[in-house]
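Given next are the chains, with one letter for each unit.
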Amino acid sequence: MVLDKLCKRFGGVVAADEVSFSLVPGKVHGLIGPNGSGKTTLLNLISGVTDMDAGSITLDGEIVTNLPNYTRARRGVARTFQHPRLLRRCDIQANLFLGIDLANRKKRLPGHSAPKLEELLEAAALQFDLDDSITTLSYGQQKLFEIVRALLTNPKVLLLDEPAAGLNTKEMERVDALIAIAVKNNAAVLLVEHSMDLIMNICDTITVLNFGRKIAEGVPAEIQSNDAVIEAYLGRGRSA
Amino acid sequence: MITKNKSTRIILLIVALALAALLPYATSNYMLRVLNMMFINYICVLSMFVIFGMTGQMSFAQAGYWGLGAYITAILTTKFHVAPLLALVGSALGTAVFVLLVGLALFRLHGHYFGFASIGVVMTMNGIFQNWTPVTGGANGMGNIPQFGIGGWECNSDMSYFYLLLFVVVAISLITELIHRSSLGRSFMAIRDNEIAAKCMGVNSYFTKNVAYVISGIYCGIAGSLFAFLSSYISATSFIFPQSVMYLVMLMLGGYNSIAGPIIGTTLLALLPEWFRPLQEYILLVYGLGVILLMVVMPDGLIGGGKKIYEHICKRSGGGTGKNQTSNGVG
Amino acid sequence: MALQMLITSLAMGIVYGMVAMGMVLIWRAVGVINFAQGEFLMVGAFVSYTLAEQLGIPMSIALVACAVIMGIVGVIFHFITYWPLRKSWDITVIISTIGASIALKEAATLIWGPAPLSIDPLVDGVARFSTVSIEWQFIVTIGVSAVLMAGIFYLLERTYLGHILQATAQDQYAAALIGIPVVVATGMTFAISALIAGVGGMLLAPVFFVTSTMGGITGLKAFAAVVIGGFGSVQGAIIGGLIVGMVDTFSGAYVSSTYRDAIVFMFLVVVLVIRPQGIFGEKIAEKV
């Protein structure tokens with residue numbers, strides 16, 4: 001997927017200022033930046049939840065900029081949300097099948113085989129009764145469940161919005177395992193996170209945003225030593 | 001619910017059906033008429049179940065669509081002498097088209113606004129029913145509607161209508177349950193519970209809402225048509241906003257999240273007034289207060305509340321370890 | 001003739017506006033449509049009948065007494081239909097108010113009997129301005145309503161109590177955190193809503209017969225007024241009420257008296273399709 005100069009303002013606030021980068025199948029791309037830098041907005045622009053002011057998005061060579069978000073989902077863009085968006089009045093089976101329905105709706109893509117449910121559940125270490133209400137899962141389990149649901153759709157692009165927020169260490173390992181499955185199935189993963197451990201360990205490349213602008217891009221090692229990034233997070237040091 | 005065993009459920013259903021089929025021999029004609037009206041209301045409550053219970057879109061216009069179905073049948077049979085079965089189909093189709101147009105115009109509205117517009121729709125429809133005398137008979141209503149019949153067979157007694165309506169009710173219930181379990185039904189519920197998540201999971205919410213609405217409209221159209229045949233006379237005073245509210249209350253009483261809800265809600269609200277005959281004067285007061293009480297105590301309806309009580313009892317006697325814990329160690 | 005109709009429609013409209021204003025106040029405070037708002041008007045009319053006709057209290061005192069009684073009714077209503085449900089799905093509150101409207105209607109029939117009642121006007125007689133004669137009742141209605149609404153505006157915008165009400169309306173949780181007793185604020189909001197609708201009922205009672213069904217269609221038209229004026233806007237509700245009053249009266253006279261109700265509601269649907277946020281409303285976006 002190629003993002004070209006995406007722009008979005010909300011009134012006076014510039015949430016995205018000519019942001020461009022690419023997502024490659026089988027690779028994990030991190031997106032970090034201080035709070036309010038526009039990370040979630042970018043995910044909303046890519047998934048189609050919010051309309052862009054300017055810019056274009058291409059998926060597998062086709063322009064998807066003007067497609068509504070359900071069409072992008074059918075073309076293989078899957079996402080999770082900062083706070084899990086599950087069907088709270090439905091049982092677990094219905095929630096799972098929402099993902100399977102989408103997988104069935106899409107045409108068979110060569111080279112992409114859908115991850116198996118058992119494999120995903122094992123990686124997420126989730127056990128449940130299909131008839132149970134979704135509310136019986138804990139917060140961490142719900143976040144993992146949402147990733148499982150996204151992976152069930154056999155996505156080409158997987159957008160993860162702070163999957164580790166609110167999770168304990170064991171649960172974060174499960175996120176890692178699920179992302180590994182996504183990579184194995186050749187999905188292009190965009191990971192928005194605050195947890196530096198997760199980002200630095202599993203990302204192949206990272207983009208850093210601040211006030212909607214891209215201020216750095218590169219491999220983890222480069223980012224960690226990048227002055228602009230350090231300044232954005234920690235501020236400028238006082239002169240002696 | 002009572003039991004998860006599939007074959008036990010089917011046996012229970014067959015037994016219930018058999019009992020229902022024998023009912024006319026055990027009750028009075030008066031009771032049969034009550035039950036017939038109950039069946040008609042049930043179909044409209046199912047319509048509310050589809051559009052509101054499953055899809056989460058509050059529509060107060062269902063009584064109007066019910067009326068539309070009734071008037072289409074009345075006009076087709078009395079003015080154009082169309083055969084009853086064709087009139088039934090005509091009602092279903094006519095209502096479907098009308099509801100589609102309404103939905104196309106109104107589903108651009110989000111949240112409560114759609115509900116508000118539906119109030120406008122039912123009030124407008126009622127105004128037209130009441131006043132468009134050349135077509136609807138205006139305040140005089142329309143009478144002399146022939147009995148329902150197919151080919152040589154004709155419904156000419158309360159008992160024959162009972163079986164006809166029982167058949168329709170069972171058929172529509174099965175269809176509704178099939179929808180409920182299908183991917184279409186899931187897309188409805190996804191829109192209800194989290195429209196944004198639904199859209200991100202590939203559901204075209206505008207289109208799907210219209211599908212749900214048209215289905216609900218067809219149910220109302222059929223119910224209206226059957227009502228016209230059953231009563232032989234229809235008048236605009238039946239097709240009013242409070243009637244839609246009653247369907248909603250029947251749905252909420254039983255429970256909006258499963259098909260058992262409409263069954264229980266409709267049955268109770270149809271039969272309770274009969275059991276409370278001596279207190280007739282106060283019945284509406286009790287109804288109004290009862291609705292408030294219902295919302296406070298059991299907003300998920302009897303089915304939902306019943307489930308919660310059941311789970312509570314299970315937890316108490318089953319004890320200890322829950323099943324929903326992430327496994328540590330292996331895996 | 002047209003001037004007379006204008007005054008009549010203004011009087012009707014201003015009462016719709018008051019009922020609508022009450023609805024909007026409740027909406028802003030607790031995010032719920034009160035479907036029993038029309039019944040507040042009806043109860044106010046019946047209460048004024050009891051005060052004026054049965055007890056023989058002079059009109060001006062009856063007006064104040066009616067307002068006080070309706071305020072109390074509003075508070076009781078708040079505790080029965082809203083307070084227990086304040087944390088639930090908003091559809092349940094809406095249904096609860098619908099139940100309350102049915103209960104109120106029946107209670108009124110049981111208490112006052114099913115026959116329509118008539119009540120003397122606040123001020124008898126007709127005012128003459130050169131060639132035009134207008135019944136004093138309409139002028140009084142407009143006057144009293146305007147004063148009452150101005151009073152409420154003053155309360156909301158200029159007094160400490162009003163600020164508490166507005167704060168609670170904007171964010172109940174935050175208001176509670178800074179020590180505002182939320183129950184007092186929401187209770188007062190319902191009291192004010194019931195009060196203005198009830199006074200509206202008292203003002204309209206001499207013009208129409210007092211029946212238990214008078215609240216139904218009025219409530220729905222007031223609801224139309226709220227939507228047309230724009231959700232969440234108090235000025236919108238009043239303007240919406242005036243517009244509905246005019247559409248109602250003028251379409252009744254010039255287009256068709258039989259279809260007048262249908263026309264009002266068709267107008268509502270058209271406004272919703274063209275401009276869902278109404279005249280003064282704001283679009284609300286959902287945070288993802």
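Structure first, text after, so check above.
Reading the values: the criteria
- Residues numbered from 1 in each chain as written.
- Chains lettered and ligands numbered in written order.
- Predicted model: local features only at pLDDT ≥ 70, side-chain atom pairs only at ≥ 80, totals over all residues.
- Contact = placed C-beta atoms within 7 Å.
- Helix = DSSP H or I, 4+ residues; strand = E, 2+ residues; numbered from the N terminus.
- Nonpolar A, V, L, I, M, F, W, Y, C, P; charged D, E, K, R; others polar.
- Expected span 1.5 Å × (residues − 1).
- Bend = angle between axes of the 7 residues up to and from the residue.
- Pairing = 2+ DSSP bridges.
- Axes fitted to C-alpha atoms, helices over the stretch in contact; angles between N-to-C directions.
- Core = buried A, V, L, I, M, F, W, Y, C linked by C-beta atoms within 7 Å.
- Buried ≥ 20, exposed ≤ 12 C-beta atoms within 10 Å, placed from the backbone.

Novice: Go over the interface of chain A and chain B, please, and point to the residues and values.
Specialist: Counting residues at the interface gives 29 residues for chain A and 20 residues for chain B. Elements with a contribution of two residues or more to the side of chain A that touches chain B: α2 (69-75) and α3 (92-105) of chain A. By residue number, the principal contributor to the side of chain A that touches chain B is α3 of chain A, which donates seven residues. Each residue belonging to the side of chain A that touches chain B can be placed in one class, and the counts come to 14 nonpolar, six polar and nine charged.

Novice: Lay out helix α2 (residues 29-54) of chain B with the relevant residues and their values.
Specialist: Each α-helix turn comprises 3.6 residues. Residues three or four places apart therefore point the same way. Residues and elements named next belong to chain B. With 26 residues, α2 should cover 38 Å at 1.5 Å per step; its first-to-last C-alpha distance of 35 Å lies within 8% of that length. Approximately 30° is the largest bend angle found in α2, and it occurs at M48. Looking one or two places after α2, you find G56, whose phi comes out positive at around 75°.

Novice: Explain the sheet that holds strand β6 (residues 77-79) of chain A to me, using residue names and the numbers behind them.
Specialist: Residues and elements named next belong to chain A. The six strands lie next to each other as β6-β7-β8-β3-β9-β10, forming an open sheet whose pairing is mixed. The two strands at the open ends of the sheet, each matched to only one other strand, are β6 and β10 (213-218). Ignoring which end each strand starts from, the neighbouring axes of this sheet average 20° apart. Where strand β3 (residues 28-32) meets strand β8 (residues 188-192), four bridges bridge the pair, whose relative direction is parallel. Across the sheet, residue L31 finds its bridge partner in β8, namely V192. Where helix α6 (residues 169-184) meets the sheet, its contacts fall on β3, β7 (157-161) and β8, and the angle it forms with β8 comes to roughly 150°.

Novice: Give me the nonpolar core: which residues, what numbers.
Specialist: All names here are of chain C. Counting residues in each nonpolar core, the largest one holds 263 residues, and the members touching the most others are A20 and M23. Broken down by element, this core gets its largest block of residues, 17 residues, from helix α1 (residues 2-30). Leave out the neighbours within four places in its chain, and A20 touches A222, A225, V226, G229, A237, I238, G240 and G241.

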